[in-house]
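Examining the three-dimensional arrangement
The residues making up each chain are set out below.
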Amino acid sequence: MEFSKFVTLVFGIVFIIILYFIIYYALKIMYKDVKGGGRRKSSYSENKNYGIELLSAGENSNLEEGALLLLRENLSIGRREGNTIRLDDQYVSGNHAKIVVKNKDIIIEDLNSTNGVFVNEQRIKGSYKLRANDKIKIGTAIFKVIRA
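Residues numbered from 1 in each chain as written. Predicted model: local features only at pLDDT ≥ 70, side-chain atom pairs only at ≥ 80, totals over all residues. Heavy atoms only, no water.

**Here's the deal with the overall build of the chain**
- A count of helices and strands for the chain gives 1 helix and 11 strands.
- Sequence-ordered secondary structure for the chain, helices as α and strands as β, is α-β-β-β-β-β-β-β-β-β-β-β.
- Taken over C-alpha atoms, the radius of gyration comes to 29 Å for the chain, far larger than the 15 Å a tight globule of 148 residues would show.
- In terms of overall dimensions, the chain has C-alpha extents of about 100 × 30 × 25 Å along its principal axes.
- The buried share of the chain, reckoned over its 148 residues, is 26%.
- Sequence-distant contacts in the chain: of pairs separated by 6 or more residues, those separated by 24 or more amount to 39%.
- A total of about 10800 Å² of accessible surface is found on the chain, and carbon and sulfur atoms cover 55% of it.
- With 23 positive and 16 negative side-chain charges, the chain shows a separation of 9 Å between the mean positions of the two kinds. (Helix = DSSP H or I, 4+ residues; strand = E, 2+ residues; numbered from the N terminus. Rg over C-alpha atoms; globule rule 2.2 N^0.38 Å. Buried < 20%, exposed > 50% of the residue type's maximum accessible area, 1.4 Å probe, protein only. Contact = heavy atoms within 4.5 Å. Areas by Shrake-Rupley, 256 points an atom, 1.4 Å probe, with all protein chains shown as cover. Lys, Arg positive; Asp, Glu negative; His and termini not counted. Charge placed at Lys NZ, Arg CZ, Asp CG, Glu CD.)

Right, dumping it as structure tokens:
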């Protein structure tokens, strides 16, 4: 009988110690969560937010130089109604180009336009991955990719 009481006592103490460790770590995690405001610390790659700035409106009377557009979703550029950025330049096709936001990357794609899309003064074929400070020329308008 003595041995079984001893074993019960030892298991009881071990159980209480394990329970206190669980409570301690749960409180520690909750403290860190409350102290951090419930936000995860984001890494460098998660903070890639880009925008495009209009450096030169060219022949486009409907654009204002210095205008800024954050790139959070896909956008289209062209002369037709319904494009996100509508250019009234004679050198711009109806659906000239589109900018696609994909996995934190910004990709510009020429939609088989007549006069093409230029990135850093080089005409692109198909699609091109944009980086900060790249200059995009569509018709007479010039845009710059910026890091927001």
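**A few points about the sheet that holds strand E9 (residues 127-130)**
- The strand order across the open sheet built from 5 strands is E4-E3-E5-E6-E9, with neighbouring strands paired in mixed fashion. The outermost strands of the open sheet, each flanked by one partner alone, are strand E4 (85-86) and E9.
- Here 2 bridges tie strand E3 (residues 75-78) to E4, and the two strands are oriented parallel to one another. The partner of Gly-78 across the bridge, within E4, is Arg-86. (Pairing = 2+ DSSP bridges.)

**Topic: the confidence of the model for the chain**
- Across the chain, pLDDT averages 85, with 91% of residues at or above 70.
- Element-level mean pLDDT values for the chain span from 83 in strand E2 (residues 68-71) up to 93 in strand E7 (residues 117-119). (pLDDT = per-residue confidence, 0-100.)

**Digging into the nonpolar core**
- Counting residues in each nonpolar core, the largest one holds 23 residues, and the members touching the most others are Leu-87, Ile-99, Ile-108, Ile-136, Ile-138 and Phe-143.
- Elements that contribute at least two residues to this core include exactly strand E1 (50-56), E3, strand E5 (97-102), strand E6 (105-110), E7, strand E10 (135-138) and strand E11 (141-147).
- Those residues in contact with Ile-99 that lie beyond four places of it in its chain are Ile-52, Leu-71, Asn-74, Leu-75, Ile-77, Ile-106, Ile-107 and Ile-108. (Core = buried A, V, L, I, M, F, W, Y, C linked by side-chain atoms within 4.5 Å.)

**With respect to the side chain of His-96**
- Inspection of the secondary structure puts His-96 in the loop between E4 and E5.
- There is a polar contact of 3.0 Å between the side chain of His-96 and the backbone nitrogen of Ser-93.
- Reaching out from His-96, the side chain makes a polar contact with the backbone oxygen of Gly-116 at a distance of 2.8 Å. (Polar contact = N/O pair within 3.5 Å; in protein donor to acceptor, adjacent residues only side chain to side chain.)

**Let's talk about the environment of Arg-86**
- One can find Arg-86 in strand E4.
- With relative accessibility at 34%, the residue Arg-86 sits in the partly exposed group.
- Here Arg-86 is in contact with Asn-62, Leu-63, Gly-78, Arg-79, Arg-80 and Glu-81, once residues within four sequence places are set aside.
- Within the local environment of Arg-86, its side chain forms a polar contact with the backbone oxygen of Arg-79, the two atoms lying 3.1 Å apart.

**Digging into the pattern of salt bridges**
- Within this structure, the stated rule accounts for 2 salt bridges.
- A salt bridge links Glu-81 to Arg-86, with the shortest nitrogen-to-oxygen separation between them at 3.3 Å. (Salt bridge = Lys/Arg side-chain N within 4 Å of Asp/Glu carboxyl O.)

**Quick word on a nonpolar patch on the surface**
- A cluster of nonpolar residues, Phe-15, Ile-16, Leu-19, Tyr-20, Ile-23, Leu-27 and Met-30, forms a patch on the protein surface that exposes about 740 Å² of accessible area.
- Within the secondary structure, Ile-16 is located in helix H1 (residues 2-35).
- A residue is classified by how much of its surface remains accessible, and Ile-16, at 45% relative accessible area, is partly exposed. (Patch = residues over 30% accessible without salt bridge, like charges linked within 9 Å, V, L, I, M, F, W, Y side chains within 5 Å.)

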